[in-house]
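# Coordinates in review
Each chain is listed here by its residues.
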Amino acid sequence: MLNKKEIEYNVMSLVSTWLFDAKDVSHFTLILTNDNAETTIDCNSSEEVVSQLSSALINNSEKYTMATLVGVVGEKDKKFGELDII
């Protein structure tokens, strides 16, 4: 079983990879879903994305099956990445 620090490190690496070479992202939305529900979390920075996703994986991993990161680039939404939570 992974410990909290390992999860945070791995999430930080994942988010960094998703955002590699991203420019002018003004806002992030983290979308956590399962078969029956969707939770959206507005984030102002990549650090906040890491914190929120880490928290979701540590505290509620059985509640969600997918995490998606969307950001606003210019005036358009852009999907940066998806994570299947198993």
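It should be noted that the structure appears before, not after, this text.
Residues numbered from 1 in each chain as written. Predicted model: local features only at pLDDT ≥ 70, side-chain atom pairs only at ≥ 80, totals over all residues. Heavy atoms only, no water.

Before going further, it helps to examine the pairing of strand E2 (residues 38-43). The sheet contact formed by strand E1 (residues 25-33) and E2 spans six bridges and is antiparallel. Residue pairing for E2: Ile31 is matched across the bridge by Thr40. Where E1 folds back onto E2 in an antiparallel hairpin, the turn is made up of four residues. (Pairing = 2+ DSSP bridges. Helix = DSSP H or I, 4+ residues; strand = E, 2+ residues; numbered from the N terminus.)

Our next topic: the pattern of salt bridges. In total, this model carries three salt bridges according to the counting rule given. Lys5 is the salt-bridge partner of Glu8, the closest N and O atoms lying 3.7 Å from each other. Of the two residues, Glu8 and Lys5 both sit in helix H1 (residues 4-18), three residues apart, roughly one turn of that helix. Assessed through its relative accessible area of 64%, Lys5 is described here as exposed. Of the charged contacts in the structure, one is a salt bridge between Glu82 and Lys79, with a shortest N-O distance of 3.3 Å. (Salt bridge = Lys/Arg side-chain N within 4 Å of Asp/Glu carboxyl O. Buried < 20%, exposed > 50% of the residue type's maximum accessible area, 1.4 Å probe, protein only.)

Turning next to the nonpolar core. In terms of nonpolar packing, the biggest core is built from 20 residues, with Val11, Val15, Leu32, Leu53 and Leu69 touching the most fellow members. Counting only elements with at least two residues in this core, the list comes to H1, E1, E2, helix H2 (46-60) and strand E3 (66-73). Among residues more than four places away in sequence, those in contact with Leu53 are Val11, Leu30, Leu32 and Ala67. (Core = buried A, V, L, I, M, F, W, Y, C linked by side-chain atoms within 4.5 Å. Contact = heavy atoms within 4.5 Å.)

Such coordinate-based values are descriptive only and should not be taken to indicate function.
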